[in-house]
Amino acid sequence: MVTWFYIHKYLLLSLGCAAMEPAGSLLDNAVGVGDLVLLDPLSEKSIVSNLQQRFQHDFIYTYIGNVVVSLNPYKSMPIYTPAKIEQYRNSNMFELPPHIYAITDEAYRSLRDQDKNQCILITGESGAGKTEASKLIMSYIAAVCGKGQEVNKVKEQLLQSNPVLEAFGNAKTVRNDNSSRFGKYMDIEFDFKGDPLGGVITNYLLEKSRVVNQAKGERNFHIFYHLLAGAPAGLLADLKLVKDPNKYKFLNHKNCIHIEGNNDEANFIAVQQAMEVIGFAASEIRESVELVACVLKLGNVELSKVQEEESQQQNSMELLEVSDLMGLEDMVLVKALTTRTVEARGDRVSTTLNIAQACYARDALCKNLYCRLFSWLVHRINKSIKVHGESRRKVMGVLDIYGFEIFEDNSFEQFIINYCNEKLQQVFIELTLKEEQDEYIREGIEWIHIEYFNNAIICDLIENTQKGILAMLDEECLRPGIVSDSTFLQKLNNVCAQHSHFQSRLCTNSKFLSDMSLPHDCFRIQHYAGKVTYNVEGFVDKNNDLLFRDLSQAMFLAKQVLIRNLFPEGDPTCLNLKRPPTAGTQFRTSVSSLVKNLLNKNPSYIRCIKPNDHKLPCVFTEELVGHQVRYLGLLENVLVRRAGYAFRHPYEQCLQRYKILSHKTWPHWRGDARAGVETLMATLPISPEEYAFGRSKIFIRNPRTLFHLEDLRKNRMEDLATIIQKIFRGWCCRRRYQDMRKSQIIISCRYRGFSQKKRYIRKRQAAILIAAFVRGWRVRKEYRKFFRANASKKIAEYILQWKLRSYLLRLRYILPGMSPLDNTWPLVPFRLVQSTHEELCKMYHDWRCRVYRSKMTPTQKAIFEEKLCASELFKGKKDIYPETVAKTFVGLHLEQGPNAKHQKLLGSLPDKLIFSELVHKIHRANGKVVTRILLLTKANMILADPKSAHIKSRIALGEVQRVSLSTLHDGIFVLHIKQGSSAALKGDFVFVSEWVIELATKLFRLIMDCTNTKLEISISNSISVQFKADEVNMQLVQAEQKNGNLPVCKRKNRILEVTVS
Ligand SMILES: Nc1ncnc2c1ncn2[C@@H]1O[C@H](COP(=O)(O)OP(=O)(O)OP(=O)(O)O)[C@@H](O)[C@H]1O
Ligand SMILES: [Mg+2]
């Protein structure tokens, strides 16, 4: 009924989600069922057949809720590719077919996102695939976590620790060719981003007995074979080794050297490279292989011979070589191997060991050497991958511990290994089955109790501090007296006889007295995984795990640094007499601390199952698998899973995580957390059957519901992220806008400033330009004349000037002579200078006249003045005048020399004689002509008779009224006398003078000088003359004369007609 309910529910869910799920989800194309919770009918058988069905179709992984059941395929599978990793990355567990990657991804995301430390517990028997699973987990994490130089280095170091530890700690067993002979728990540490920072490896109990002895068909630890096969010849020679493993007793006695498909040679190189990557120094690598070589060679030391040789003081070659490798005196080693020193009451007693004891000592030394080397390697790796700094880290632990072992001959090691597995099963039960059921009861959730086997009773049988097997063993080891494995067994027979899981032939009241399968020297424990018969031989010794002090002291003397460091207790200066804890106690302590550690983390499980005992692919042995299914408690696991709830969450945490999904609870829920979760769930589209409310937690029935919730949360987170993003973007944009606005204001302000400046500059330039233009215009205006427009004028002017200048300059050379009489003048060169030319001509003439004048003597000047005066008086008025111009007014025309009378007359003159001439005087009455001497002095005009030189008339110049002359070419000179004067008695005088012009001029000048009045000179052809009382009109006529130049005068009364020629 319950089953159908589940199937129905799952199918509904799957159908509901089908549209959202990618192809290949848990339910798609599944062979059998991917999750055993869905199995129907549910039984151990059906589980096995479902696993078989899936296994045959290469589906090696199957879920039980969040537990992965893994079947070893014993063949390489195409499901570990990078594409697969990418597929499983960040996807929900149930979205894809079951895979180890899915559970790893779940754990990693929970670590990264929810800050929960994780551990992945890989359990299963030897050869079931635990180590492979742990490597897949590590490689998946390496692939999905962050990248970067430092992170990649850490990843590499963590990954490379595997080949090193496998080489030294793994060996071929009958069950597994690469069986882990030690337990390994690795804590990988991450930072808050989920990037690996480093890690810590804890190793548990190496099966060191394997160094000296292996079961049939098994090998020693891989490193021995790797070294011999892979070391170069030089190294082998240095280590004094030969290549052939058969030459070494620790390797050859079970006749198993090679493993099929295993390349020891390549592995040696890989190990060396891995050590280099981790950070081992070359010297450290070298010392490690030297130590391995020492162990190998020690195994070959034949102690029977050694003792013989020692007595002969001669040691075997092998021993010498080992001593050499260790850096020890050979005798020291020999002594340590063959003798034993015991201290008794302060005395040191040395006893020689017999051969068996010496062999035991040698084997003990070899086991110790190798075991300590292994621990040193782990320590050294830890040193490299250690996380520095104090930052908070998240941890993911991966536990890969040796699987449950049932051999034919099981010894102390198997006992310890199986105890460890028993404890891990306990953890599993604690965390999944019991704790789950207990919690339901605690929380008041309705629950149908599921019966399951709780192996606590077996753990108690082994580890009980009072009556536990390990306590008994310790007791026996510490007990004084004769102690042996059989005394130990006896003790067990006594103490554990009543225990339901302990069986022994010799138990008191034993039911097994007749059980032939149980030898006398054995005891049997009914483990959770089956019955295991342990042979007690070696239990005491192995538990004691003591190394003779002689050996550790010898090792401390070694010069090989590593060997010396591995045996600090050999230092004689710090003797520690305190007995070290037994191997069993040590193991118990470390296992309980491991369990404690695991219980503090969020566990994930990988339950490895071995499909067959022959390491064969595709072979499924139902019986074997059934057995594992049984002891792993898978059926109970499924039952609990089905009946219970897949997930639970304390109310506070649940509310905190999912409150964002409801408006009623987001962003704040003020009330009680439980009420908050109830309100929240009520608002979500999840069926109420899917969850239940406990006292402090909510229980979610189905993983899908949880994933649904997670999806809702993821979507809501995305929405919120979008809102935050939106607000942030808005804020960014606003800020950007404000910044831009500010910038814009600044820019526009600057721009405005700039443009204004530019404008101003332009305006200024324009103003300057305009001003310049105006000034220019003004200047041009002013200087327009100088402009081209005026050029022609200018040029014309210039040319004109030039012409004028050249005209003037030229004129200079063609000027006429300096004579004022020279009337020549150059022709005017062009009309323009016509007036100038004329003016110049005039000027020139004036100038040369002036020059001429300036050169004149006063006499000449006086003459010219006279001439000038004459000109003024007569020029143009009298026809005769032009003829007189060229004639000098000599004044004295009368010859003076021979005529004494004349001389006398002239000498009698009271003042200076100015003019003298022999003139013709016209008779007033008849007009006849008489000759007279006319003398003109400064004050008088004197008329004298030429013959007698008597003065006829004397006329004072002041009495001269005026003078009249005709216009004609004659010498008529009429002297008008002032009426009333003495001279006026006879009336006016009419003369004919040859020099009439000169006479009139001189008279004019003399009267001017004398009386300062201008003499009136009338020029007319009709002259009124006063002859005594008669006024006679003298008419001058021009006509041809017969008597030369003298005029012909005819008086008719008052008219005197004068004809002149
Ligand atoms: N997923 C796998 N794919 C292919 N082969 C596998 C796978 N898992 C395991 N094997 C094979 O099985 C062998 C044994 O596996 P592994 O060494 O992991 O077993 P184990 O559980 O660690 O055993 P032990 O307890 O002895 O160490 C491997 O060497 C490998 O050949
Ligand atoms: Mg392993």
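A short tour of the structure in this document, coming up. (Residues numbered from 1 in each chain as written. Chains lettered and ligands numbered in written order. Predicted model: local features only at pLDDT ≥ 70, side-chain atom pairs only at ≥ 80, totals over all residues. Heavy atoms only, no water.)

### Side note on the sheet that holds strand β17 (residues 697–700)
So, step 1. Read across the open sheet, the three strands follow the order β15-β17-β16; overall the sheet is antiparallel. Either end of the sheet is taken by a strand with one partner, and the two such strands are β15 (647–650) and β16 (691–693). Across the sheet, the mean angle separating the axes of adjacent strands is 20 degrees when strand polarity is ignored.
So, step 2. Pairing of β15 with β17, which is carried by four bridges, proceeds in the antiparallel orientation. Residue pairing across strands places Phe647 opposite Ile700, the latter belonging to β17. (Pairing = 2+ DSSP bridges. Helix = DSSP H or I, 4+ residues; strand = E, 2+ residues; numbered from the N terminus. Axes fitted to C-alpha atoms, helices over the stretch in contact; angles between N-to-C directions.)

### With respect to a negative patch on the surface
So, step 1. Taken together, the side chains of Glu408, Asp409, Asp521 and Glu537 present a region of like negative charge at the surface.
So, step 2. With respect to the helices and strands, Asp521 occurs in the loop between β11 (502–504) and β12 (522–527).
So, step 3. Under the relative-accessibility criterion, Asp521 is labelled partly exposed at 37%. (Patch = residues over 30% accessible without salt bridge, like charges linked within 9 Å, V, L, I, M, F, W, Y side chains within 5 Å. Areas by Shrake-Rupley, 256 points an atom, 1.4 Å probe, with all protein chains shown as cover. Salt bridge = Lys/Arg side-chain N within 4 Å of Asp/Glu carboxyl O. Lys, Arg positive; Asp, Glu negative; His and termini not counted. Charge placed at Lys NZ, Arg CZ, Asp CG, Glu CD. Buried < 20%, exposed > 50% of the residue type's maximum accessible area, 1.4 Å probe, protein only.)

### A look at the coordination of the magnesium ion (ligand 2)
So, step 1. Within the protein, the atoms that donate to the magnesium ion (ligand 2) are Thr131 (OG1) and Ser180 (OG), at distances of 1.8 to 2.1 Å. In this pair, Thr131 is assigned in helix α5 (residues 130–144) and Ser180 in strand β5 (residues 179–180), connecting sequence segments 49 residues apart.
So, step 2. For Thr131, a relative accessible area of 13% translates into the label buried. (Donors = N, O, S within 2.8 Å, 3.2 Å for Na, K, Ca; no water.)

### Here's the deal with the pattern of salt bridges
So, step 1. In the structure shown here, the tally under the stated rule is 41 salt bridges.
So, step 2. Put simply, Arg181 and Glu207 hold a salt bridge, and the shortest N to O gap is 2.7 Å. Linking Arg181 in the loop between β5 and β6 (183–190) with Glu207 in the loop between β7 (196–204) and α7 (209–212), this pair joins segments that are 26 residues apart in sequence. Summarising the burial analysis for this pair, Arg181 and Glu207 share the class buried.
So, step 3. Its salt-bridge partner being Glu189, residue Arg393 comes within 3.5 Å of it at the nearest N-O pair. Pair noted here: Arg393 is in the loop between α16 (355–385) and β10 (394–400) and Glu189 is in strand β6, with a separation of 204 residues, a long-range link.
So, step 4. By relative accessible area, which is 27% here, Arg393 ends up partly exposed.

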